[in-house]
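# Structure assessment
So the chains spell out like this:
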Amino acid sequence: MLSARLRTVRIWRPRLFSSKVFPSASTAVADVADGSKLLVGGFGLCGIPENLISALKDTGVKDLTCVSNNAGVDDFGLGILLQGHQIKRMISSYVGENKTFEKQYLGGLLEVELTPQGTLAERLRAGGAGIPYFYTPTAYGTLVQAGGLPIKYRPDGSVEIESTAREVRDFGGRNYVMEESITGDFAIVKAWKGDKSGNLIFKATARNFNPDCAKAGKITIAEVEILVEDGELDPDNVHVPGIYVDRIIQGEKYEKRIEKLTLTQRGEEAEIKVNANRDRIVRRAAKEFKNGMYVNLGIGVPTLASNYIPDGMQVILQSENGMLGMGPYPFEGEQDADLINAGKETVTFLKGSSTFSSSDSFAMIRGRHVDLTILGALEVSAAGDLANWIIPGKMVKGMGGAMDLVSSGNRVVVTMEHCSKAGSPKILSECSLPLTGKGVVDLIITELAVFDFEGGGLRLIEHAPGVSVDTIKEKTGAPFTISSDLKEMD
């Protein structure tokens, strides 16, 4: 008697050529059809499959759903597919500085599913591992969890499509959000080296989302800078085994554009120039470092705090694009397009540094292996709620990795100027902007004061030299208590 159980049968995927090696990018993507779902490796412009993207542009394929951390810049990376209106929907964590991306989204020409960066990486990893759903603490209490996040606007600015609510479950007294894994019809990735069996090796932080995308594609197409014969790669150094790769090409040419070239000046020119308010914030933030800490620093002012790590103290900086042991900016001529931080700035290695995939990076964060996160904010509430990623209808940068970082349960320090450029308080009774995290902030450092949340509410613990409590009250949009041990900021 035949078993009544249903079986999942793996369908053989025929290849256009007798081997995995294809003669060109154009032949490798020739069967990518209109409406395909495409997983695209890279972070910013680092590690992007630029030859395959260019080939897709030339095919004129349209109505694509592209899953990628971001969409490059206006005239490079996925930005060139956006310019040609070949993409119908983006599933991303960060819009960044791509004006075409932001303009098409706000103008109703592009559907955008904004997804926390770590959740995006894990959705891809889970998809490649055959896991349909999983639970994460990331984004609980935000629009990502509650639903209502605009996916598509109408030309008049009203919302045509919005996100739906995620299921929430309590595990051990903590709320977790259910997320669906991601797979794609095709994945296009870029590696440093590969062999004819499809084994891939990545270089530095160009690994990022590439392994996760490669494993989640039904048909994965890899481009490499160096293609070698089978047997020339050390099996112990392979990052993605060939079982995940269906097609491989050697890239014809690589521009490897650097999005943010940042350099260390030699000699006397190396002095750090920061305005007085920011300098006070940065120096005070550096006092949160403790010897042996693993620390993640947000873009901008938080990153500057690393310049004030005391001599003799070891602080290991983690960058969510896949690096541990981040070093200073390189000297001119020593920059490497494959070695950047989460702000897309060129950086260097230190002794003991390591690199890894995006999913591994956020496993460190979500698993509470990072001790301290310092990041900026648009608003913070008296309950420790944080808003720092969007002004609806006006500014859309995306949440990047912030939602993952602040929901991890690690210590969260916010550094920001006390008021907006218009003079409005940024510390409020309740946030007016969509939240990044609910009740997640442990400490606020501004140029005027330092607050903590001991006792469940906002408490003033330090004031800047020459700044009175009355001045702080005047510029703070929420009531606060005053520590019995109130100190001057050091």
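Quick summary incoming for the structure in this document. Just so you know, these numbers come straight off a predicted model, no measurement behind them.

Rules and cut-offs
Residues numbered from 1 in each chain as written. Predicted model: local features only at pLDDT ≥ 70, side-chain atom pairs only at ≥ 80, totals over all residues. Heavy atoms only, no water. Helix = DSSP H or I, 4+ residues; strand = E, 2+ residues; numbered from the N terminus. Rg over C-alpha atoms; globule rule 2.2 N^0.38 Å. Buried < 20%, exposed > 50% of the residue type's maximum accessible area, 1.4 Å probe, protein only. Contact = heavy atoms within 4.5 Å. Areas by Shrake-Rupley, 256 points an atom, 1.4 Å probe, with all protein chains shown as cover. Core = buried A, V, L, I, M, F, W, Y, C linked by side-chain atoms within 4.5 Å. Disulfide = S-S within 2.5 Å. 1 Å grid on protein atoms, 1.4 Å probe; cavity = no way out; pocket = protein on both sides within 12 Å on 5 of 7 lines; lining within 4 Å. Points joined across faces, edges and corners; volume = space filled by probe spheres on them. Nonpolar A, V, L, I, M, F, W, Y, C, P; charged D, E, K, R; others polar. Polar contact = N/O pair within 3.5 Å; in protein donor to acceptor, adjacent residues only side chain to side chain.

Glancing now at the overall build of the protein chain. The secondary structure content of the protein chain amounts to twelve helices and 28 strands. For the protein chain, the C-alpha radius of gyration of 23 Å lies close to 23 Å, the compact-globule estimate for 490 residues. C-alpha atoms of the protein chain, sized along the principal axes, occupy 75 × 55 × 50 Å. The buried share among the 490 residues of the protein chain stands at 53%. The long-range fraction of contacts in the protein chain, counting pairs at least 24 apart against all pairs at least 6 apart in sequence, stands at 70%. For the protein chain, the exposed surface amounts to about 21800 Å²; the carbon and sulfur share of it is 49%.

This brings us to the nonpolar core. Ranked by internal contacts, the top residues of the largest apolar core, which has 50 residues, are F289, V380, L386, I444, F451 and L458. In terms of residue count, the dominant contributor to this core is helix α8 (residues 276-286) (four residues). Counting 41 residues, the second largest nonpolar core, distinct from the first, contains A28, L52, I87 and Y105.

For the coordinates displayed, the defined rule picks out zero disulfides. Distance from the sulfur of C213, which forms no disulfide, to the nearest cysteine sulfur (C66) is 11 Å. On the basis of relative accessible area, C213 is assigned to the buried category, the value being 1%. This cysteine, C419, is not joined by any disulfide, and C431 carries the nearest cysteine sulfur, 15 Å off. The exposure class of C419 is buried, given its relative accessible area of 15%.

Although it is not a glycine, K344 adopts a positive phi angle of roughly 65°. Summarising the element assignment, K344 is placed in the loop between β16 (323-326) and β17 (349-355). For R368, which is not glycine, the phi dihedral falls at a positive 65°. For R368, the location among the structural elements is in the loop between α10 (358-366) and β18 (372-375).

Moving on to the layout of surface pockets. Its volume calculated, the largest pocket comes out at about 1300 Å³. Lining the largest pocket we find 45 residues, and of these I299, G376, A377, L378 and N388 sit closest to its centre. Elements with a minimum of two residues in the lining of the largest pocket: α8, β14 (294-297), α9 (301-304), β18 and α11 (402-406). By residue number, the principal contributor to the lining of the largest pocket is β18, which donates three residues. The residue inventory of the lining of the largest pocket, partitioned by class, reads 22 nonpolar, 13 polar and ten charged. Taken as a whole, the second largest pocket spans an internal volume of roughly 950 Å³. In this structure, the second largest pocket is lined by 41 residues; those nearest its centre are S306, N307, G327, P328 and Y329. Contributions of two or more residues to the lining of the second largest pocket are made by β14, α9, β15 (316-319), β16 and β17. In terms of residue class, the lining of the second largest pocket is made up of 19 nonpolar, 17 polar and five charged.

With that settled, consider helix α4 (residues 99-106). Residue pairs spaced three or four apart in an α-helix point in one direction, given the helix's 3.6 residues per turn. Here α4 has its buried residues at T100, F101, E102, Q104 and Y105. In this structure, the buried residues of α4 make contact with α3 (79-83), β3 (87-92), β4 (111-114), β6 (150-153) and β22 (395-396). The N-cap residue of α4 is N98: its side-chain oxygen and the backbone nitrogen of T100 are 3.1 Å apart. Backbone geometry just after α4 places G108 at a positive phi near 80°.

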